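Structural overview
Here is what each chain is made of, one letter per residue.
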Amino acid sequence: MTRSGAVDVQYPDEGGGRAALVVADDPTFATIVEERVRWLDEVAPYEPGAFYKRELPAIQAVLQHESLDLIVVDGYVDLDPDGRPGLGAHVHEALGIPVIGVAKTAFRSATHAIEVRRGSADRPLYITSIGLPRDRAADIVTRMAGPHRMPDALRRVDALARGHAAIA
């Protein structure tokens, strides 16, 4: 059994941050077995080129005491073919598990990202990874549950992080 998690963090205008996690017993996230949300009263300010300084503490807070074999993040693992680290690389360094980055928008230097089109979407998702080959990561994202461009687990964790959904 592979325990897989998807995380997201949102930063309300009034300050702080809300981190969310959904967990499944397989990488397709066919059935969510756990959901968790953590509130952080204080978060680091946004720093261009160092987004992880803001995001990583929130991700670590929501993952506290969680044992995962794979994690999916909203964004890039690495920002260029030479491996300039993005959020996912920092998550991998901190946790020591494979990370798949799923980005909704193209990043000009991320020419190595694999484009995945899901459902009837014209716009691709941009897939990067560490700890597993990119083509395997792209296959996992392609097979993730849900008929839409964004897999259901990523839509759910986004709604939880935004405070638009209650934990099931």
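Parameters at a glance
Residue numbers run consecutively from 1 along every chain, following the written order of its sequence. Owing to the predicted nature of the model, reporting of local features is limited to residues with pLDDT of at least 70; listing and counting of side-chain atom pairs is limited to 80 or more, with chain, interface and lining totals taken over all residues. Remark: hydrogens and water are excluded; side-chain values derive from all non-hydrogen atoms of the structure. Pairing of aromatic rings covers Phe, Tyr and Trp, the last counted by its six-membered ring, and requires centre-to-centre distances within 6.5 Å; plane angles under 30 degrees mean stacked, over 60 mean edge-to-face, and any other angle means tilted. Under the DSSP-based scheme used, a helix requires at least four consecutive residues in state H or I and a strand at least two consecutive residues in state E, with every element numbered from the N terminus. Relative accessibility thresholds used throughout: buried, under 20% of the residue-type maximum; exposed, over 50%; partly exposed, between the two (1.4 Å probe, protein chains only). Whether a charge sits over a ring depends on NZ of Lys or CZ of Arg being within 6 Å of the ring centre and within 35 degrees of the ring normal. Grouping buried Ala, Val, Leu, Ile, Met, Phe, Trp, Tyr and Cys residues that are joined through side-chain atoms within 4.5 Å yields what is termed a nonpolar core. In this analysis, two residues are considered to be in contact whenever any of their non-hydrogen atoms come within 4.5 Å of each other. Should a side-chain nitrogen of Lys or Arg be within 4 Å of a carboxyl oxygen of Asp or Glu, the pair is scored as a salt bridge. Using only the protein atoms, space was sampled on a 1 Å grid; points where a 1.4 Å probe fits but cannot get out form cavities, open sets with protein on both sides within 12 Å along at least five of seven lines form pockets, and lining residues are those with an atom within 4 Å of a point. Grid points are joined across faces, edges and corners, and a volume is the space filled by probe spheres set on the points. We call Asp, Glu, Lys and Arg charged. Ala, Val, Leu, Ile, Met, Phe, Trp, Tyr, Cys and Pro are nonpolar, and the rest, Gly among them, are polar.

As a further point, take the packing of aromatic side chains. As enumerated under the stated definition, the model contains one aromatic pair in all. Look at Y76 and F107: their rings are 6.1 Å apart centre to centre, the planes differ by 50°, and that puts the pair in the tilted class. Here Y76 is found in the loop between β4 (70-74) and α2 (87-95), whereas its partner F107 is found in the loop between β5 (99-103) and β6 (114-116), with 31 residues between them in sequence. What makes Y76 buried here is its relative accessible area of 9%. Over the aromatic face of Y11 sits the side chain of R54, whose NZ or CZ is 3.8 Å from the ring centroid.

The biggest cluster of nonpolar side chains holds 24 residues, and the ones touching the most others in it are F29, I100, V102, I127 and V141. Secondary structure elements with two or more residues in this core: β2 (17-24), β4, β5, β7 (125-130), α3 (134-143) and α4 (152-162). Top element by residues in this core is α4. It accounts for five residues. In this structure V141 touches I100, V102, V116, R118, L125, I127 and P151, once residues within four positions along its chain are discounted. With 21 residues, the next largest nonpolar core counts V77, L87, V91 and V99 among its residues.

Below, the discussion takes up the pattern of salt bridges. In this structure the tally under the stated criterion is twelve salt bridges. With a closest N to O distance of 2.8 Å, R36 and E66 form a salt bridge. Remark: E66 occurs in the loop between α1 (52-62) and β4 and R36 occurs in strand β3 (residues 32-40); sequence separation between them is 30 residues. With respect to class, R36 is no different from E66; both count as buried. We note a salt bridge from E115 to R117, for which the minimum N-O separation is 3.3 Å. On the basis of relative accessibility, which here comes to 48%, the residue R117 falls in the partly exposed class. By sharing partners, the salt bridges in this structure join R3, D25, E34, R36 and E66 into a single network.

To locate leftover empty space, one rolls a probe as large as a water molecule over the atoms. Within this model, the largest pocket holds a volume of roughly 590 Å³. Forming the boundary of the largest pocket are 24 residues, of which F51, G75, Y76, L79 and L87 lie nearest the centre. Elements supplying a minimum of two residues to the lining of the largest pocket: β1 (4-10), α1 and α2. Partitioning the lining of the largest pocket into residue classes produces 14 nonpolar, five polar and five charged. In this structure, the second largest pocket encloses a volume near 170 Å³. As for the second largest pocket, its lining consists of 14 residues, and the residues nearest its centre are D8, D74, K104, M150 and D158. Of all the secondary-structure elements, those providing two or more residues to the lining of the second largest pocket are β1, β4 and α4. Sorting elements by how many residues they give to the lining of the second largest pocket places α4 first, with five residues. Of the residues contributing to the lining of the second largest pocket, the split by class is seven nonpolar, one polar and six charged.

Note that every value here comes from positions in space, so none of it alone points to a role or purpose.
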